[in-house]
Amino acid sequence: MSSRSIIPAPLRQQPWHVLLPLAALNTFGSAVLYSAAGGRMWPWAGMHMLHFAVFLALAMAVSRVPRHLFTQAAFPAYAALIVLLVLVEAVGRIGGGSQRWLNLGFMTLQPSETMKPVIVLVLAHFYANLPPAMIRSWRALVPAGLLMGVPAVLVILQPDLGTALAICFGAVAVIFMAGVPIWWFVSGGLAAGIIAPLAYFFALHDYQRKRVTVFMDPESDMLGAGYHITQSKIAIGSGGIFGKGFGNGTQSHLEYLPESHTDFAFATMAEEWGLIGGYFILAVFFLVLFRWGMGVARRAPDRFSQLLAAGMTVTIFFYVAINMMMVMGLAPVVGIPLPFISHGGSSMMTNMLCIGMIMAVERWSKRASTLV
Amino acid sequence: MARRRGKTAKHISQGMLRNSFDRRSVVIGALQGGVGVLLATRLGYLAVAENAHYQMMAESNRVNLSLIPPRRGWILDRQGQPLAANRADFRVDLIPDRLVDADKTLAELGQILGLDAIDIQDIKDQLAQARGFQPVGVAEHLDWEKFAALSVRQPDLPGVVPQRGFSRFYPTGPCVGHLVGYVGAANAKDYEKEHNQLLITPGFKIGKDGLEKQFDADLRGVPGARRAEVTASGKIVRDLETREDIPGKPIELTIHAGLQEYAARRIGVESGAVTVIDCRSGDILAMCSMPSYDPNSFSAGIGRLEWKMLADDDHVPLRNKTLHGLYPPGSTVKPSVALALLEAGLDPHEAVNCSGGLQVGNRVFHCWNHHGHGRVDMFKGIYQSCDVYFYHFAQKIGMERIAAMMRRMGLGQSFDLPLGKQSTGTVPDPAWKQRRYHQDWAIYDTVNATIGQGYVQVNPLQQAVVVSRLASGKALQPRLLRNQHTPPPGDLGIPQEHFDVIRSGMRDVINGPGTGGKARLPFPDILMAGKSGSAQVVGLNYGNGKAGVAWKRRDHGHFICFAPFDNPRFACAVLIEHGGGSPAAIPIARDVMTYLFDQQKAWDMLATMEPGWGGTPQQRMDAKYRTYAAQYGVSAPRVDTSGEPVAQVQSASDAAAATPQPVQSDAAPPAPEPGAEAPAPAPAATPAAPAPAPAAPGNATGGGH
């Protein structure tokens, strides 16, 4: 620990074990986007770095927000987002067409995206304040179900199935870890097993239904929706172990790969960097970030921060899992980008908010242990 | 877990929840780990195990192999002049499967290329019939400005393929239509037969009719190929490598291009066929059937209006009359009948008296010349075409021997020519009639057959073969391919003296007191020999078949001839369908033969006639098309090009020829001929011979010359 004397304390106290892997991931993402743009910084790679810098600052700021502000802000933030979601729906109806954004003049806001960390925050707050004895009663579940259900339904109406699933997944994970009886999940799972086929036939839009059928058999629609999955698999598979080399991806550069800079950025990467690049990204996510996030949650000083950190980790995990399963042909095509690699400000902001809150929890536990 | 704890402890403490969280977060962590392992495994599977497969797929995405249609082999005449050639060309095709908005694309194409409503309608018709990747031609022979303008717009017009290549070109257009045929884009049926990528390559065409179809395999050649790196939208990033095409093999014909064109144009506005054969080798020097379609225009795709124009024409331009038209030959069979008589031992100087008819039992069979020919021997029987002479002696030897001789001379036969099936027609004899109609042969059947009427049906090619055999004395086989090895012509088994008699009679048809004086060549030192024939339209018992009556009822006119008389070199057969008798055919035969000895003289004669007909066949077709365009516009019915329209028309005419003719119950009324008594300068279209009287019931009128 000789470094202690050399490196100044404020610098030393930063959570480098997270910041360094994150920076590496984002730099790699920028490189992929640079290649996807045909060897140019703009419009994607430079913007990606800029997004990272801005939202990293946001995450650092969030990590320093005191715990009581989180708990105080939980319900007001949630309520504000619900209002905004209704507003989006209303503006969309009036404007004659679905939309997911609100133009605030100086920026566009996508409330459904911000709802992903906020649903975790509000549920963590809810369970932290619920008397332990009530955890097995309906009062542990029904309010939580409503908190989750209202935004989920509003987002589905947009219609944005991917984001709605992400909101539900984060929420269910928090409810699960809060300790509600396991048989509720079993019966919930059974109910989902019955509802899913019904929803498929009656609730889903045609384009969503098509995505599911095409996922089951991509070759059935080689020129339509199956084209995305097939081309993505070709990109990944043709990359081999070491890839075709930086800037040499034919699938992305000759435009066979759709959305090569957003949803299918992983395929763009895998074509040029091969299995090695893919395992690097998997390692950073699964061996570093998620282990760190779950570890922070386990070491957290109280119930609120435990649920908060675990919920945030699961939210990022959901992005990563669904995106990568999609590009490898294990999940239907849903528009979910790969955190820190895909181009896009909204998802960068959401993921950095999640990181910021986990860092905040980490700070609280340090302080708690120092106090002890 | 919560449930189990619930059974043991009713009170739940903060600490128990913390334990529960620890356990459940392990479950979540395990889920994450499981997904991580799943993803890592899947990634390894795709990138390592399936690597070769996906590498191949990426490569087939990246590299576009496009075929370069091979240049088609030329079709050459005997002197190396092209009858079908290729010329450099800018063309535009559509690939139906790649079209996004067909109507919009067509509208834009119409604007850029200057297509009119009729063109666009034809393209839409073809689009409706095309499947998938079967290219549909939009325009050929574009000029550079239009081509360049379109190429610039191509990225905005998916499914539009502009390219430079070669297109088929027939220098004399309609004059070679039925002989050479035409080419066209392969249709779905062709592709089913031959699953070849080349067939759906834009700009590639296969032979659809005539020689183009028969020799398609030789003419086709080997396609070139271009490997290029392309984007998903089909834009070429760079060329990787190019392999040149190997042009198809040329075909050399025995045809004389100039003669073919001259003969076709000389037929003028008539419907007819001219065939010229080299008497020494059997080489076919000209073989034309007019009117014809224009193979240049057909090769670019058959439009509604053009199809309607051809289908409406009662001169049946879609039928190759040389091979598929069947006509009663009239008196042109008389030389063959005479040969049969000689073979049966008849002395050519033995004579009968023709008083205008021949009484057999209680019936009278009339000669075409009701005034009678007086004393007629074989020579006079030929040059005056006396029916009574032939009635008299033919009955004595019987139909079998006459029919056998007709067949030996070439009637009823089909020949080894690379032009597909030929309609062979009928040479009737008693056995045939028994087989066909279950009836006995009657005297009037012999009467009909010896003057080339009744059941006798021949095609113009057979007529040309007959006259080439009469001229050469050998069993000449017609041939069309220059390099085809043919054995020397066989022996007909007919003594030279017999031919001398026939030829001398045929010489006098033209140069003596015969029926074909107008056929005399404009060269004092070259004598031509020939035989005229007029034949009543089958099934019509109509007295007067001359030029004055409705076209469909007019007599067919034949003339067969050869020259020079003393050393036969060229044989020619002319048929003019519904020409009003042989006077329509005689001058055409004369001019075609003139061409063989003095081309300039022949062209000069044609130059005085063509302006009166409205120009060359090509000019007349163009003028007619303009009239049709003005009259019908886009209202013509659509053409079904899924089959081969021309082939369909031809097989339909074959089927019609195969249907039994009505059974003959009497002698056919012979058609009049220009008589020897007719003054020589009589206009070609108005025969001077007296018209035969209408057939009285129970009586037959004779005729033909």
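So, how was this worked out
- Residues numbered from 1 in each chain as written.
- Chains lettered and ligands numbered in written order.
- Predicted model: local features only at pLDDT ≥ 70, side-chain atom pairs only at ≥ 80, totals over all residues.
- Helix = DSSP H or I, 4+ residues; strand = E, 2+ residues; numbered from the N terminus.
- Buried ≥ 20, exposed ≤ 12 C-beta atoms within 10 Å, placed from the backbone.
- Contact = placed C-beta atoms within 7 Å.
- Pairing = 2+ DSSP bridges.
- Axes fitted to C-alpha atoms, helices over the stretch in contact; angles between N-to-C directions.
- Nonpolar A, V, L, I, M, F, W, Y, C, P; charged D, E, K, R; others polar.
- Parallel < 35°, antiparallel > 145°, perpendicular 65-115°, else oblique.
- Left-handed = near helix turned anticlockwise from the far one by under 90°.
- Expected span 1.5 Å × (residues − 1).
- pLDDT = per-residue confidence, 0-100.

Peer 1: Pulling in residues and values, what's your account of the overall build of chain B?
Peer 2: Scanning chain B from terminus to terminus reveals 26 helices and 21 strands. Put simply, chain B has 705 residues, and 50% of those count as buried. For chain B, the proportion of contacts with a sequence separation of at least 24, taken over those separated by at least 6, is 75%.

Peer 1: With reference to specific residues and values, describe the overall build of chain A.
Peer 2: Along its length, chain A carries 15 helices and two strands. In chain A, which comprises 372 residues, the proportion classed as buried is 49%. Taking the contacts inside chain A whose residues are at least 6 apart along the sequence as the reference set, 70% of them involve residues at least 24 apart.

Peer 1: Let's hear about the environment of Ala449 of chain B: which residues, and what values?
Peer 2: Residues and elements named next belong to chain B. Tracing the sequence through the fold places Ala449 in helix H20 (residues 443-450). The spatial distance from the C-alpha of Ala449 to the C-alpha of Ala403 is 8.7 Å, given a sequence separation of 46 residues. Those residues within four positions of Ala449 in sequence are excluded, and the remaining contacts are Met399, Ile402, Pro428, Gly454, Tyr455 and Val456.

Peer 1: With reference to specific residues and values, describe the sheet that holds strand E20 (residues 556-563) of chain B.
Peer 2: Residues and elements named next belong to chain B. Read across the sheet, five strands follow the order E12-E11-E21-E20-E19 without closing on themselves; strand pairing throughout is antiparallel. Edge positions in the open sheet fall to strand E12 (284-290) and strand E19 (529-535), since each of these has one partner strand only. Adjacent strand axes in the sheet meet at a mean angle of 10°, parallel and antiparallel pairs treated alike. Taken together, the seven bridges between E19 and E20 define a ladder with antiparallel strand orientation. Paired with Ala535 across the bridge in E20 is His556.

Peer 1: Pulling in residues and values, what's your account of the interface of chain A and chain B?
Peer 2: Contacts between chain A and chain B engage 46 residues on the former and 41 residues on the latter. Secondary structure elements with two or more residues in the side of chain A that touches chain B: helix H8 (161-178), helix H9 (182-202), helix H11 (226-239), helix H12 (250-253), helix H13 (265-299) and helix H14 (303-327) of chain A. Among the residues forming the side of chain A that touches chain B, the class breakdown is 31 nonpolar, 10 polar and five charged.

Peer 1: Tell me about the pairing of strand E8 (residues 224-230) of chain B, and please be specific about residues and values.
Peer 2: Residues and elements named next belong to chain B. In this structure, strand E1 (residues 63-68) lies alongside E8, joined through six bridges in antiparallel fashion. The residue bridging Val63 from the neighbouring strand is Glu229, located in E8. Two strands pair when backbone bridges link them, and E8 and strand E9 (residues 236-243) are joined in this way by six bridges, in the antiparallel orientation. Each residue of the ladder has a partner; that of Glu229, found in E9, is Arg238. Between E8 and E9, which follow one another and run antiparallel, lie five residues, and Gly234 among them has a positive phi close to 90°.

Peer 1: Any chance you could break down the environment of Gly245 of chain A for me, citing the residues and the numbers?
Peer 2: Residue and element names in this part refer to chain A. With respect to the helices and strands, the residue Gly245 is situated in the loop between H11 and H12. Judged by the 13 C-beta atoms lying within 10 Å of it, Gly245 falls in the partly exposed class. Considered as a pair, Gly245 and Met269 are 24 residues apart in the sequence and their alpha carbons are 9.8 Å apart.

Peer 1: I'd like a description of the packing of H14 of chain A against helix H2 (residues 14-49) of chain B, backed by residues and values.
Peer 2: For any two helices packed against each other, one specifies the crossing angle of their axes together with the interaxial distance. Interhelical geometry of H14 of chain A versus H2 of chain B gives an angle of 15° and a closest axis separation of 11 Å. By the criterion of interaxial angle, the relationship of H14 of chain A to H2 of chain B is roughly parallel. Classified by chirality, the crossing of H2 of chain B by H14 of chain A is left-handed. Residues Arg303, Gln306, Ala310, Val314, Phe317, Ala321, Met324 and Met325 of chain A of H14 of chain A touch H2 of chain B, and the partners they reach there are Leu17, Phe21, Ser25, Ile28, Gln32, Val35 and Leu39 of chain B. The class makeup of the residues in the contact of H14 of chain A with H2 of chain B is 11 nonpolar, three polar and one charged.

Peer 1: Mind laying out helix H22 (residues 496-511) of chain B, listing which residues take part and the relevant values?
Peer 2: Residue and element names in this part refer to chain B. Across its 16 residues, H22 extends 22 Å between first and last C-alpha, which sits within 8% of the 22 Å expected from 1.5 Å per residue. For H22, the set of buried residues is Phe499, Val501, Ile502, Arg503, Gly505, Met506, Arg507, Asp508, Val509 and Ile510. Close packing links the buried residues of H22 with helix H15 (334-343), helix H16 (378-383), helix H21 (460-472) and E19.

Peer 1: I'd like to hear about the packing of H15 of chain B against helix H18 (residues 399-409) of chain B, residue by residue, with values.
Peer 2: Residues and elements named next belong to chain B. Put simply, H15 and H18 touch, their axes get as near as 8 Å, and they point 120° apart. Here H18 runs oblique to H15, going by the angle between their axes. In this structure, H15 meets H18 at a crossing whose hand is right-handed. Residue-level inspection shows Ser336, Val337, Leu339, Ala340 and Glu343 of H15 in contact with H18, the latter providing Arg401, Ile402, Met405, Met406 and Met409. Of the residues belonging to the contact of H15 with H18, the class tally is seven nonpolar, one polar and two charged.

Peer 1: An account of unusual backbone geometry is requested, with residue identities and associated values reported.
Peer 2: Residues and elements named next belong to chain B. A cis geometry characterises the amide bond from Met290 onward to Pro291, with omega recorded as -10°. Although it is not a glycine, His141 adopts a positive phi angle of roughly 55°. Within the secondary structure, His141 is located in the loop between strand E4 (136-139) and helix H6 (144-153). Residue class for His141 comes out partly exposed when judged on the 13 C-beta atoms lying within 10 Å of it. Positive phi, normally seen in glycine, also occurs at Ser385, with a value near 55°. The exposure class of Ser385 is buried, given the 37 C-beta atoms found within 10 Å.

Peer 1: Pulling in residues and values, what's your account of the sheet that holds E1 of chain B?
Peer 2: All names here are of chain B. One open sheet holds the three strands; their spatial order is E1-E8-E9, and the pairing between them is antiparallel. In this open sheet, the two strands that pair with only one neighbour each are E1 and E9. With direction set aside, neighbouring strand axes in the sheet form an average angle of 25°.

Peer 1: Go over the confidence of the model for chain A with me, naming the residues and quoting the values.
Peer 2: Summarising the model, chain A shows a mean pLDDT of 86, and 90% of its residues fall at 70 or more. Ranking the helices and strands of chain A by mean pLDDT puts H13 of chain A first, with 94, and helix H1 (residues 3-6) of chain A last, with 61.

Peer 1: A description of the confidence of the model for chain B should follow, citing residues and the corresponding values.
Peer 2: Caution is warranted with low-pLDDT regions, since their predicted coordinates should not be read in detail. All names here are of chain B. Across chain B, the average pLDDT comes to 85, with 89% of residues at or above 70. The low-confidence segment residues 1-9, where pLDDT is below 50, has 14 contacts with residues more than four positions distant or belonging to other chains. Ignoring residues within four places in sequence, the model shows residues 676-704, a span with pLDDT below 50, making 95 contacts including any to other chains. With pTM at 0.69, the complex prediction returns an ipTM value of 0.91.

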